[in-house]
Amino acid sequence: MKILVAVKRVVDFNVKVRVKADQSGVDLANVKMSMNPFDEIAIEEAVRLKEAGIATEVVVISAGPTQCQETLRTALAIGADRAILAETDAELQPLAVAKILKAVCEKEQPQLLIMGKQAIDDDSNQTGQMAAALLGWPQATFASKVVIANGEASVTREVDGGLETIALTLPAVVTTDLRLNEPRYATLPNIMKAKKKPLDVQPVAGMGIDVAPRLKTLKVAEPPKRSGGIKVADVAALVAKLKNEAKVI
Amino acid sequence: MATYTPPLREMQFVIHEVLNAGDAFKKMPSYAEVDVDTINQIMEEAGKFAAGVVLPLNRIGDTEGCTRNEDSSVTTPKGFKEAYQLYCESGWAALACDPEYDGQGLPQLLNTVLYEMLNSTNQAWAMYPGLSHGAYECLHEHGTPEQKKTYLKKLVSGEWTGTMCLTEPHCGTDLGMLKSKAEPKGDGTYSITGTKIFISSGDHDMAENIVHLVLARLPDAPQGTKGISLFAVPKFKPNADGSVGEGNAVSCGALEHKMGIHGNSTCVMNFDGSIGTLVGEPNRGLNAMFVMMNAARLGVGMQSLGLTEVAYQNSAAYAKERLQMRSLKGPKEPTKAADPIIVHPDVRRMLLTQRAYAEGARAFTYWVAFMIDTELNHPDAKEREAAGELVTLLTPIIKAFITDNAFTATNEGMQVFGGHGYIAEWGMEQFVRDARINMLYEGTNTIQSLDLLGRKVLGDKGAKLRKFGKIVEDFIAKEKRTKGMSEFLEPLADIAEKVSKLTKEVGMKALLNKEVVGAAAVPYLRVVGHLVYSYMFARMAKVALEKQNSGDPFYSAKLSTARFYFAKLFHETAYQIRAARSGVDSLMEMDASLF
Ligand SMILES: Nc1ncnc2c1ncn2[C@@H]1O[C@H](COP(=O)(O)O)[C@@H](O)[C@H]1O
């Protein structure tokens, strides 16, 4: 069984992002970039499935500029077998990524597409769902446990009310939640081996996919500064304030 | 608790932009594959390991310390063993080791980067693999084929660790007084008897076996340092198949109670007729041990760089958050109850002192590590020799200058926190305590200064120092007309000239009175240390000037730090030069009975 894993290169979670002066977006110049943390979990899961003898090959894909190769090498160092870069400098929205993933899935024919539940830069939480819809595959989002047996995936999902376990026929899309696993540290020999693993660069321009943005960003702004809290005398005063000042009840 | 973010951008700046190491490695056959991407990826993953695995154990190690059990075995703090196992499984122990013994064969420079991060996150822990690596280097260079076969792969994988056993209760700096005995058993092995103290990582539960490199005297050995031999003495005798055999009468007699590095087991080691094998030639033990001692001296410099960096990171973060008082120029953040303390000039002095010492030490140690790579691997014999000479000259400066500075820096870091700096939970006082040992062990900083002035400089009539001076001179000549460089080149040229004058003056006076060297050595090392830093800051400034309009504020920060260095730290040289020149009389005048 082949597994395709989608990884996105995003602003490192340690970086305190700043909004650009013209409010067109977040300033990414000279900012440290890393693999989306949910995607690290996706790779880890795929590699574990391979180590368990369930998967035979793990392929990772990233869509974006040439620097995504670094992110792909990281995935190869964790244990993916080969990598594909769908290269473009254009802005990619979730629908565009989903279309790219669809095209790659049709070519690679994986039984599982594992990806993060959301990318921590835009927090869209859409790509997996869209990819499943475009492919016509079943989907299990927010996975905290994945079991593959008899051509079926049994996935435990983190839902508002607790945990829900569903069965999916393969091929299917799984998106990862935080508790699915704890990603390993790359080992030095694997970092060195990763250099020699195949990394195939395919220009998005040549894929015949319309990746034009469908959404327009009007403005990006800093969240309002938190002002200091106040102490209220009793519950009645709190309720009154919530009603009259905050106007939330 | 203290936090740590691997300063990858800073490291990359030195490696790629100042040293251009990736290009240079292409010319060294065994490193030809080590390109920029590889270097970056290794650093990135090493950083994840240090911050994720090693850092959380730092305070645990400090509060828990090591325990000596009734059977004289030693237990390390909670989590140390597991972290070490993961370290070995991840292949980090093998990074700069010979591929013939399963090493990764990567440059010393990368090992240096790794150790900066391990020491920022946990010096006490990093000493276990650190000393092992020193033992590896010593056996790799001086071991017999049999010893190499027995020990090297185990040290490379980290399954076994190593120690260096020099000090005895009555004999520290003066190794000539050493008493431990080695009796030939007639079968090529020796029976070792004696007590060694201050043995870092001497005994522990992290690895299945430990090989001690022990200095001892053969029965017919001459007195003094010319009668010392080196022996490899395993804790458990290795079986022929590489497994661990029976005990070897090596035991930990006690653990020292120390000011800092509590997580490292500092042991009194007893050898009671333990069986060992000779490393190198009889009575030439110190010569063999110097491989390990030099490696350890560079290692101590890295410990101090690591502590400087982590103290800086935490105090800078604190200074940006802690609200107290208003800026002297009026409120900077009027909506808040007070301004963050980073608005105050003296808080900035404390932060910049740490930062400048971190950046100076990083440029310096990476440069020397890169020189070691050149010494080991450059195809041109002349280049190898020149690099080797520089490493020899600069080693005592790395050890003493960086560790002095780190004590200042960690202390300033603690000071930024005010009273909170003195409270253990913040983690700042631990850095100060840990930093303090670095000025003492591996040869006190006074010994380093005597080594520099007496042996490395006056010992060859200033030849090596002049070669370094030539490098500085060439750099100045090349950049003289570069726009914006004069503010950095002027103090550099000035201090270079003063060092050469001072050296001549002290050399002349020493001909008449040998004590002059003893009186001048410590200030002399500080002055030469500043010459090295001036050179490093000028080199960094050159790169930063070229790129200051790139839109990346990193480069203007580099220039600001360099300016601070020359404005506020560099002038220590004026005082130290006067101290070095002021002779020995005021020190020796008072009769010892009056002390
Ligand atoms: N440019 C991209 N390249 C590869 N995978 C992506 C990309 N963008 C999003 N993804 C995948 O889709 C997941 C959800 O992203 P999002 O819908 O943008 O929050 C991520 O965790 C990735 O696995």
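Draft legend 1. Layout of the overall build of chain A. A count of helices and strands for chain A gives 6 helices and 11 strands. Based on the C-alpha atoms only, the size of chain A along its principal axes is roughly 65 × 45 × 40 Å. The buried share of chain A, reckoned over its 249 residues, is 42%. For chain A, the computed accessible surface area is about 13300 Å², with 53% contributed by carbon and sulfur atoms. Each charge sign in chain A was given a centre, from 32 positive and 30 negative side chains, and these centres are 3 Å apart.

Draft legend 2. Examining the nonpolar core more closely. Core analysis: the largest hydrophobic core is formed by 202 residues, its most contacted members being Val5(A), Tyr87(B), Trp92(B), Trp125(B), Phe364(B), Trp367(B) and Tyr533(B). Tallying contributions element by element places helix H15 (residues 515-547) of chain B first for this core, with 21 residues. The contacts of Trp367(B), once residues within four sequence positions are left out, are Leu19(B), Leu390(B), Leu394(B), Phe468(B), Tyr535(B), Met536(B) and Arg539(B). Ala94(B), Cys97(B), Leu139(B) and Leu215(B) belong to the second largest nonpolar core, which has 31 residues in total.

Draft legend 3. View of the site of the ligand. Residues and elements named next belong to chain A. Taken together, 17 residues sit near the ligand, with Asp39, Ala63, Ala119, Asn125 and Thr127 positioned nearest. Val7 is positioned such that a nitrogen or oxygen atom in its backbone is 3.5 Å from a nitrogen atom of the ligand. A distance of 2.8 Å is found between an oxygen atom of the ligand and a backbone nitrogen or oxygen belonging to Gln126. Relative to its free-state accessible area of 480 Å², the ligand is covered by the protein chains to the extent of 97%. For the shell around the ligand, the elements supplying multiple residues, two or more each, are strand S4 (57-64) and strand S6 (112-116). By residue number, the principal contributor to the shell around the ligand is S4, which donates 3 residues. Classifying every residue of the shell around the ligand gives 7 nonpolar, 8 polar and 2 charged.

Draft legend 4. How the structure looks around unusual backbone geometry. Along the chain, Leu170(A) connects to Pro171(A) via a cis peptide bond; the corresponding omega equals 0°. With respect to the helices and strands, the residue Pro171(A) is situated in the loop between strand S9 (162-169) and strand S10 (172-176). Positive phi outside glycine occurs at Gln109(A), with the angle close to 55°. With respect to the helices, strands and loops of the structure, Gln109(A) is situated in the loop between helix H3 (94-108) and S6. Backbone geometry places Ala249(B), a non-glycine residue, at a positive phi of 55°. Locating Ala249(B) in the fold gives a position in the loop between strand S9 (244-247) and strand S10 (250-255). According to the relative accessible area criterion, Ala249(B) is partly exposed, its value standing at 38%.

Draft legend 5. Just the packing of aromatic side chains, in detail. All chains considered together, the criterion is met by 26 aromatic pairs over all chains. Ring geometry for Tyr318(B) versus Trp426(B): centroids 5.3 Å apart, planes at 80°, classification edge-to-face. One end of the pair, Tyr318(B), is in helix H8 (residues 285-321); the other, Trp426(B), is in the loop between helix H10 (381-416) and helix H11 (428-437), and 108 residues separate them in sequence. The class for Trp426(B) is partly exposed, based on a relative accessible area of 34%. Judged by centre distance (5.3 Å) and plane angle (65°), the rings of Phe417(B) and Trp426(B) are edge-to-face. Given the relative accessible area of 5%, Phe417(B) is considered buried. Every member of this aromatic cluster is reached through a ring pair, and the members are Tyr185(A), Phe49(B), Tyr84(B), Tyr87(B) and Trp125(B).

Draft legend 6. Main features of helix H4 (residues 127-135) of chain A. Residues and elements named next belong to chain A. When H4 is considered as a whole, its buried residues turn out to be Thr127, Gly128, Ala131, Ala132 and Leu135. Take H4 and look down its axis: the buried residues cluster within an arc of 135°, on one side only. Buried positions along H4 lie against H3, S6, strand S7 (139-149) and S10. One or two positions beyond H4, positive phi appears at Gly136, with a value near 70°.

Draft legend 7. The pattern of salt bridges, seen in detail. Going through the model one piece at a time under the given rule, you end up with 55 salt bridges over all chains. A salt bridge links Lys547(B) to Glu17(B), with the shortest nitrogen-to-oxygen separation between them at 2.8 Å. Within this pair, whereas Lys547(B) is found in helix H15, its partner Glu17(B) is found in helix H1 (residues 8-18), the two being separated by 530 residues in sequence. Note on Lys547(B): relative accessible area 29%, which makes it partly exposed. You can call Glu17(B) buried: its relative accessible area is 16%. Two residues, Glu246(B) and Lys237(B), come together in a salt bridge whose shortest N-O distance is 3.3 Å. By relative accessible area, Glu246(B) is classed as exposed at 55%. What emerges from the salt-bridge pattern is a single network uniting Lys2(A), Glu57(A), Arg82(A) and Glu108(A).

Analysis parameters
Residues numbered from 1 in each chain as written. Chains lettered and ligands numbered in written order. Predicted model: local features only at pLDDT ≥ 70, side-chain atom pairs only at ≥ 80, totals over all residues. Heavy atoms only, no water. Helix = DSSP H or I, 4+ residues; strand = E, 2+ residues; numbered from the N terminus. Buried < 20%, exposed > 50% of the residue type's maximum accessible area, 1.4 Å probe, protein only. Areas by Shrake-Rupley, 256 points an atom, 1.4 Å probe, with all protein chains shown as cover. Lys, Arg positive; Asp, Glu negative; His and termini not counted. Charge placed at Lys NZ, Arg CZ, Asp CG, Glu CD. Core = buried A, V, L, I, M, F, W, Y, C linked by side-chain atoms within 4.5 Å. Contact = heavy atoms within 4.5 Å. Near = heavy atom within 4 Å. Polar contact = N/O pair within 3.5 Å; in protein donor to acceptor, adjacent residues only side chain to side chain. Nonpolar A, V, L, I, M, F, W, Y, C, P; charged D, E, K, R; others polar. Phe/Tyr/Trp six-rings, centres within 6.5 Å; stacked < 30°, edge-to-face > 60°. Arc of directions from axis to C-beta. Salt bridge = Lys/Arg side-chain N within 4 Å of Asp/Glu carboxyl O.

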